[in-house]
Amino acid sequence: MATFLYRLGRGAFRRRGLVALLWVALLFAAGFGAATAAAPTSGSFSIPGTEAQRAFDLLDKKFPGMAADGATARIVVKAPEGAKVTDPGPRAEVEKIVGGLKTGPGAEQISSVANPYETQAVSQDGSTTYISAKYTVSGMELKDATRDALKESGDDARAAGLNVQIGGDALMAAPETGSGEIIGILVAAIVLVITFGSLVAAGLPLLTAIIGVGIGVSSITALANVLDLGNTTATLATMIGLAVGIDYALFIVSRYRAELAEGRDRDEAAGRATGTAGSAVVFAGLTVVIALVGLAVVNIPMLTKMGVAAAGTVVIAVLVALTLVPAILGFAGKKVLPAGEKSRLFGKGKPAGAEKKANGGTRWARFVLRRPVMVLLAGVIGLGVVAVPASKLEMGLPDDGAQPVSTTQRQAYDLLSEGFGPGFNGPLMVVVDGNKALADSTVARIKGLKGVAAVTPPTPNEAGDAAVITVIPKDRPSSTQTEDLVHEIRDGSGDDVLVTGATAMNIDFSQKMNDALLPYLALVVGLAFLLLMLVFRSILVPLKAALGFLLSVVAALGAVVAVFQWGWLGSVFGVEQTGPIMSMMPIFMVGVVFGLAMDYEVFLVTRMREAYVHGERPGQAVVTGFQYSARVVVAAAVIMIAVFAGFLGASDQMVKMIGFGLAVAVFFDAFVVRMAIVPAVLALLGHKAWWLPTWLDRLLPNVDVEGESLRKHLATGSAPGDGPDKDRELVNA
């Protein structure tokens with residue numbers, strides 16, 4: 001592999017004009033596709049194999065149109081203190097809202113508007129009522145005029161002294177990341193300038209990462225409607241693609257400068273950098289792709305699509321690092337070097353091989369080697385303490401009750417809870433596949449359950465062979481009492497009585513996530529273990545990598561629980577409303593963080609392996625690995641943390657939580673596990689760390705990440721694949 005990548009990198013360097021032109025053309029093509037594609041939708045949500053999904057499928061069959069994916073809105077109206085919504089004045093204002101929705105701007109996208117006085121949607125004390133509106137398209141597909149008309153529908157009523165708030169998914173919009181993402185990129189730029197001491201070298205990873213993310217996200221946008229991608233898919237692909245894109249380019253550029261420091265010609269340095277650091281990039285990217293694509297094992301289409309889309313962006317980041325980065329290095333010339341070293345590194349000052357003062361990575365590695373047990377215990381115990389809150393993890397999916405209290409959706413949610421009871425925001429839909437007698441007996445049984453606030457009479461279909469019953473729980477949708485009620489209804493029913501609705505879907509989704517976590521862990525960790533065994537020719541090093549990852553991800557989950565569920569330091573991180581952790585968070589974090597954790601493992605330990613196979617003792621190999629890689633790994637981690645932390649400014653709660661979780665996980669994994677626990681364990685294991693049974697060594701293919709075969713080719717005096725090299729002088733000009 002190293003030999004192939006050497007040829008690829010040197011070829012891209014020499015034909016830099018063509019390579020750059022191809023990538024720019026690809027960027028414009030993807031951008032054109034995104035600009036001309038239909039607007040993305042919110043994405044359909046289904047959970048195959050669950051009772052809630054079977055009920056929705058039955059609704060499609062027995063009640064055509066009832067289970068449609070059109071957006072809904074609830075305009076909640078509360079009368080002033082001492083008045084009622086049934087009084088003539090408030091009633092006239094409410095009916096004015098109903099009429100405006102039916103005939104005003106955007107009415108062509110409305111399928112129905114319910115008059116609350118006809119549907120008896122008035123609270124018992126008469127203080128609150130709500131108007132239900134159903135749209136023909138999803139919230140993301142609503143026209144701006146339609147959404148604006150909904151927002152302005154209550155303006156006259158507000159002016160008359162009524163409290164009007166709007167809930168439902170009709171106000172759904174694409175998540176906004178705010179200025180945090182820009183701040184994250186600025187922090188990354190500062191770190192790169194400090195690391196490289198050169199504006200050109202610092203700008204190169206940012207430029208190539210933005211090009212890669214631009215192609216990936218534009219492709220996702222162009223295909224969003226065709227593939228039914230959710231509206232958060234592009235945001236998450238941006239988050240991951242930007243982080244790994246910067247990191248992968250960072251490692252190539254860093255190795256390129258190291259090769260120049262040893263006196264290589266520029267095209268040769270580009271080839272060697274791509275052959276060695278590029279090999280680590282390929283395997284690091286492969287672990288991320290495995291982790292993301294492995295989300296398919298959960299068998300939830302939305303999550304599978306998110307994982308595959310993000311994995312595609314990672315693949316683009318790898319290809320950019322292997323081709324576009326060497327090409328731009330060709331354009332940059334000597335400007336990638338720090339100003340004070342441009343002459344020295346080319347032999348006009350202090351010799352490149354002159355002894356230098358030990359850098360911070362070297363000093364830290366020597367400290368760990370002197371006290372491995374202390375460092376190991378401190379790291380493990382520290383992460384263990386942070387992980388404790390993870391034992392109290394509560395999972396669910398967010399509804400309007402998780403919105404910030406300043407939003408109209410949250411205020412509408414609260415008004416409905418006050419006027420109609422906490423369970424009104426999470427009604428259960430019971431679908432009966434049978435005649436009227438079965439439906440009536442089902443209603444009678446449900447009324448006898450203690451967690452029920454109200455049950456509506458069954459609504460039959462035209463054929464009379466199915467009915468729908470609405471059940472209002474006593475408790476809020478995300479409470480354990482409501483979950484218990486769902487299980488009680490199901491346990492006492494046969495296969496012809498099914499419970500669904502948003503609340504039941506959330507419960508089934510959480511359960512499916514729990515059930516899939518261990519199989520997913522086994523698949524991803526198992527495949528990555530085999531991959532790392534190929535890379536490092538060792539059993540204990542991949543085992544240590546996997547265990548370290550588990551420790552860091554559990555600690556990160558503990559931090560997420562403490563901040564987003566318990567509210568500790570919530571105001572610091574912009575958390576306005578605490579609540580259950582989103583059901584997909586643990587498994588998504590496992591997937592993404594595992595891939596990113598293996599990045600650092602591959603980049604750091606590959607250099608140690610390289611030193612070890614060239615004859616250094618185990619302890620010295622650890623020091624050598626830190627000498628050449630520690631500073632770059634730290635820079636990469638800080639960049640990734642900055643990019644992820646930038647998404648704390650997102651308007652979407654899921655994006656905010658994932659950004660925080662990934663930033664904390666990267667911090668724990670990079671600075672505690674990889675920079676402290678890994679060298680401590682390797683110091684204690686010594687030669688045993690690199691042991692591999694002889695029979696297994698013969699079975700495993702040699703991928704040669706450390707570039708041993710490449711060095712043998714180069715030692716003969718000609719580069720692999722070399723032909724006549726007439727442009728050497730031009731390249732070095």
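About the criteria used
Per chain, the residues get numbers from 1 upward, laid out in the order the sequence is written. The predicted origin of the model limits local features to residues at a pLDDT of at least 70 and limits the giving and counting of side-chain atom pairs to 80 or more, whereas totals for whole chains, interfaces and linings rest on all residues. Water and hydrogen atoms were dropped before computing side-chain values, which therefore reflect all heavy atoms in the structure. Each helix is a run of H or I in the DSSP string that is no shorter than four residues. Each strand is a run of E no shorter than two, and both are numbered from the N terminus. Only heavy atoms enter the contact rule, under which two residues are in contact if any of them lie within 4.5 Å. Per-residue and other accessible areas were derived by the Shrake-Rupley procedure at a 1.4 Å probe size, with only the shown protein chains allowed to occlude residues. To obtain each axis, a line is fitted to C-alpha atoms, and for helices this fit is confined to the stretch in contact; angles are then taken between N-to-C directions over 0 to 180 degrees. Roughly parallel means an angle under 35 degrees; roughly antiparallel means over 145; roughly perpendicular covers 65 to 115; every other angle is labelled oblique. Helix crossings get a hand from a simple test, with the near helix turned counterclockwise from the far one by less than a right angle marking a left-handed crossing and a clockwise turn marking a right-handed one. Under this grouping Gly is polar, as are all residues other than the nonpolar Ala, Val, Leu, Ile, Met, Phe, Trp, Tyr, Cys and Pro and the charged Asp, Glu, Lys and Arg. Salt bridge, as used here: a side-chain nitrogen of Lys or Arg that lies within 4 Å of a carboxyl oxygen of Asp or Glu. Being paired, for any two strands, means DSSP has found at least two bridges between them. Per-residue accessibility, obtained with a 1.4 Å probe over protein chains only, is compared with the maximum for each type, and a residue is labelled buried under 20%, exposed over 50%, and partly exposed between these values. By this rule, a helix spans an expected 1.5 Å times one less than how many residues it contains. In this description, one arc is meant: the one made by directions from the helix axis to the C-beta atoms. Only centres within 6.5 Å qualify two rings of Phe, Tyr or Trp (six-membered ring in Trp) as a pair; their planes then separate them into stacked at under 30 degrees, edge-to-face at over 60, and tilted for everything else. A ring is considered to have a charge above it if a Lys NZ or an Arg CZ atom is located within 6 Å of its centre and within 35 degrees of its normal.

Chemist: Lay out the overall build of the protein with the relevant residues and their values.
Modeler: Check the secondary structure of the protein and you find 24 helices and eleven strands. Within the protein, counting contacts between residues at least 6 apart in sequence, those at least 24 apart form 80% of the total. With the model as given, the accessible surface of the protein reaches about 30100 Å², and the carbon-plus-sulfur share is 60%.

Chemist: How would you explain the packing of helix α18 (residues 540-565) against helix α19 (residues 585-613) if you had to name every residue and give the values?
Modeler: Running from N to C, α18 and α19 point in directions that differ by 135 degrees, and their axes come no closer than 9 Å. Judged by the inter-axis angle, α18 sits oblique to α19. Considering the relative orientation of α18 and α19, their crossing is right-handed. Residues V541, K544, A545, F549, V553, A556, L557 and V560 of α18 form the contact with α19, whose own contacting residues are M585, P586, M589, V590, V593, F594, A597, M598, E601 and V605. Its residues assigned to classes, the contact of α18 with α19 comprises 16 nonpolar, no polar and two charged.

Chemist: So what about the pattern of salt bridges? Which residues, and what values?
Modeler: Scanning all chains against the criterion turns up 24 salt bridges. E108 is the partner of K143 in a salt bridge, and the nearest nitrogen-oxygen pair spans 3.3 Å. Of this pair, K143 sits in the loop between β3 (128-135) and α5 (144-152) while E108 sits in the loop between α4 (88-103) and β2 (110-114), and the two are 35 residues apart along the sequence. Put simply, R255, E259, E262, R264, R607 and E610 are held in one network by salt bridges that share partners.

Chemist: So what's going on with the sheet that holds β2? Residues and values would help.
Modeler: Where strands meet in a sheet, backbone hydrogen bonds hold them as pairs that are either parallel or antiparallel. Strand order in this open sheet of four strands is β2-β3-β1-β4, and the pairing throughout is antiparallel. Two strands close off the open sheet at either side, each with one partner strand: β2 and β4 (163-167). Shown here is a sheet whose adjacent strand axes are inclined to one another by a mean of 15 degrees, direction ignored.

Chemist: Explain the pairing of β3 to me, using residue names and the numbers behind them.
Modeler: Of all eight residues in β3, six are buried; the element is thus mostly enclosed. With seven bridges joining them, strand β1 (residues 72-78) and β3 adopt antiparallel strand pairing. Across the sheet, residue A73 finds its bridge partner in β3, namely A133. Direction of pairing for β2 relative to β3: antiparallel, over a ladder of four bridges. Directly across from V113, in β3, lies its bridge partner A133.

Chemist: Tell me about helix α2 (residues 16-36), and name the residues and values.
Modeler: Helix length check: α2 (21 residues) gives 30 Å between terminal C-alpha atoms against 30 Å at 1.5 Å per residue, within 8%. Turning to α2, its buried residues number three or more, namely R16, V19, A20, W23, A30 and A34. The buried residues of α2 all sit within an arc of 100 degrees when viewed along its axis, so they share a single face. Looking at α2, the residues exposed on the side facing more than 90 degrees away from the buried face are L18, L21, L22, F28, F32, A35 and T36.

Chemist: Got a sec to walk through the packing of aromatic side chains? Specific residues and values, please.
Modeler: Tallying each qualifying case throughout the model produces 13 aromatic pairs. Seen from their ring centres, Y130 and F420 are 5.4 Å apart, and the 80 degrees between their planes marks the pair as edge-to-face. Within this pair, whereas Y130 is found in strand β3, its partner F420 is found in helix α14 (residues 408-420), the two being separated by 290 residues in sequence. Judged by relative accessible area, which is 13%, Y130 ranks as buried. Ring plane angle 40 degrees and centroid distance 5.4 Å describe the contact between F667 and F671, whose orientation is recorded as tilted. Of this pair, F667 and F671 both sit in helix α21 (residues 653-685), four residues apart, roughly one helical turn. The structure contains a cluster of three or more aromatic residues connected by ring pairs, namely Y130, F420 and F424. Of note, R16 hangs over the ring of F331, and the distance from its end group to the ring centre comes to 6.0 Å. Taking the ring centre of Y130 as reference, the NZ or CZ of R74 above it sits at 5.1 Å.

The values reported here are purely geometric and, on their own, carry no functional implication.
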